[in-house]
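Survey of secondary and tertiary structure
Residue strings, one per chain:
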Amino acid sequence: MTLQRLVGPVKEYLATLDDAAFGAASDVTPKFVSPCDPAAQWTGAMRGPAFFAYADNYLIDVKFGIIVDVEASRAIRQAEVGAARTMIERTEECFGIKPERLAADTAYGSAAMLDWIVNEKGIAPHIPVIDKSKREDGTFSREDFTFDKARDIYMCPAGRVLTTTGTVSTDHAMRYVAPVPVCRACSLKPKCCPNMPARRIVRDVNEDSRDVARALAKTEAFEQSCRDRKRVEMLFAHLKRILRLGRLRLRGPRGVQDEFTLAATAQNLRRLAKLVARPPPQATRCAA
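Bear in mind that the values here come from a model prediction, so they are computed numbers and not experimental data. (Residues numbered from 1 in each chain as written. Predicted model: local features only at pLDDT ≥ 70, side-chain atom pairs only at ≥ 80, totals over all residues. Heavy atoms only, no water.)

What follows concerns the pairing of strand E2 (residues 51–61). Across the 11 residues of E2, eight count as buried, placing the element largely inside the fold. Relative to E2, strand E1 (residues 41–43) runs antiparallel, the two being bridged by three bridges. Looking at the pairing, Thr43 lines up with Phe51 of E2. Of the strand pairs in this sheet, E2 and strand E3 (residues 66–74) are connected by eight bridges, and their pairing is antiparallel. Along E3, the bridge assignment pairs Tyr58 with Val70. Between E2 and E3, which pair antiparallel in sequence order, lie four residues; one of them, Gly65, sits at a positive phi of approximately 70°. (Buried < 20%, exposed > 50% of the residue type's maximum accessible area, 1.4 Å probe, protein only. Helix = DSSP H or I, 4+ residues; strand = E, 2+ residues; numbered from the N terminus. Pairing = 2+ DSSP bridges.)

With that settled, the discussion passes to the side chain of Arg210. Mapped onto the elements of the fold, Arg210 is located in helix H6 (residues 207–216). With a relative accessible area of 8%, Arg210 lands in the buried category.

Before going further, it helps to examine the sheet that holds strand E6 (residues 146–148). Read from one edge of the open sheet, three strands run E6-E7-E8, paired in antiparallel fashion. The outermost strands of the open sheet, each flanked by one partner alone, are E6 and strand E8 (161–162). Bridge count for strand E7 (residues 153–155) against E8 is two bridges, and the pairing is antiparallel. Within the sheet, the bridge partner assigned to Tyr154 lies in E8 and is Leu162.

With that settled, consider the packing of aromatic side chains. Enumeration over the complete set of coordinates arrives at five aromatic pairs. Pairing Tyr58 with Phe236 gives two aromatic rings, centres 5.0 Å apart and planes at 15°, and the pair type is stacked. You can see Tyr58 sitting in strand E2 and its partner Phe236 sitting in helix H7 (residues 220–241), a full 178 residues away along the chain. With relative accessibility at 11%, the residue Tyr58 sits in the buried group. With 4.9 Å between their ring centres and 50° between their planes, Phe147 and Tyr154 make a pair best called tilted. Since its relative accessible area comes to 3%, Tyr154 is described here as buried. Joined through ring pairs, the aromatic side chains of Phe147, Tyr154 and Tyr176 make up one cluster. Here the basic side chain of Arg203 rests over the ring of Phe147, its NZ or CZ set 3.7 Å away from the ring centre. (Phe/Tyr/Trp six-rings, centres within 6.5 Å; stacked < 30°, edge-to-face > 60°. Lys NZ or Arg CZ within 6 Å of the ring centre and 35° of its normal.)

The next subject is helix H8 (residues 252–277). Look at H8: 38 Å from first C-alpha to last across 26 residues, which is about the 38 Å you get at 1.5 Å a residue. Looking only at H8, the buried set comprises Gly252, Pro253, Gly255, Val256, Gln257, Glu259, Phe260, Ala263, Ala264, Gln267 and Asn268. (Expected span 1.5 Å × (residues − 1).)

This brings us to unusual backbone geometry. In this structure, Asp152 is a non-glycine residue whose phi angle is positive, near 55°. Among the structural elements, Asp152 can be located in the loop between E6 and E7. Take Asp152: its relative accessible area is 31%, and that puts it in the partly exposed class. Positive phi, close to 60°, is recorded for His172, a residue that is not glycine.

Let us look at the pattern of salt bridges. Under the counting rule described, the total for this entry stands at 19 salt bridges. Between Asp171 and Arg175 there is a salt bridge, with the nearest N and O atoms lying 2.9 Å from each other. One network of salt bridges, in which partners are shared, links Asp131, Arg142, Lys149, Arg203, Glu207, Asp208, Arg210, Asp211 and Arg214. (Salt bridge = Lys/Arg side-chain N within 4 Å of Asp/Glu carboxyl O.)

Written out as structure tokens, the structure is:
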């Protein structure tokens, strides 16, 4: 192999180290690195033997089942979330269109992602929120406390006030704490904080966006989005079972992107053929 042929793949790999969909997606050092395709991710997501893989990400118009954009990434959640942002921005830039609502699974329900969807893009997030505040020991969860945005305080079930210093911790959250003497004298302490001197509530800096997603999760539109997402899963099943894209023939992010794009194009052409061949709806006659 000549030096010129060798430099191209090396440059491409080095460029992926700073790409949000690949090297910069996570600070965690991979357990294994493929000697022939270093950008691939060592994963055991299929509940079987681990292997090196890429993730195929689709942006789909669920009304017609059309793939609007496709993006390859490493097979980890952080990279897939970054790929979603890339596809939304690229679609808006290239076609001048932006989704009114975004339906996705819980992996996309992080606070930072929801803040970007709601505040920066103005899209309704039909996404389950990643929320670990629910307690399973019978004590009060955060949802039992009422947040007063104007006063920036929490009210406990007993009507006591939890305040904050406004300091944002390294986990991008603020702590709201009740006074220790108040908690000690409260009759609800055994159901609130039996193992702590005072109750503490952790609130993410992007909690407002999470509240928007929680409110939408109670609507009929959200339920419809959950039903529409079946079309997304059908396309991935079709990709593996019908098009037989279980293994990739090209290596590197560029080759993988080409394969995924060609596969998405084939799926769109099949969908177009069905839409064109479908007979127009006929007017129904009403009996007198």
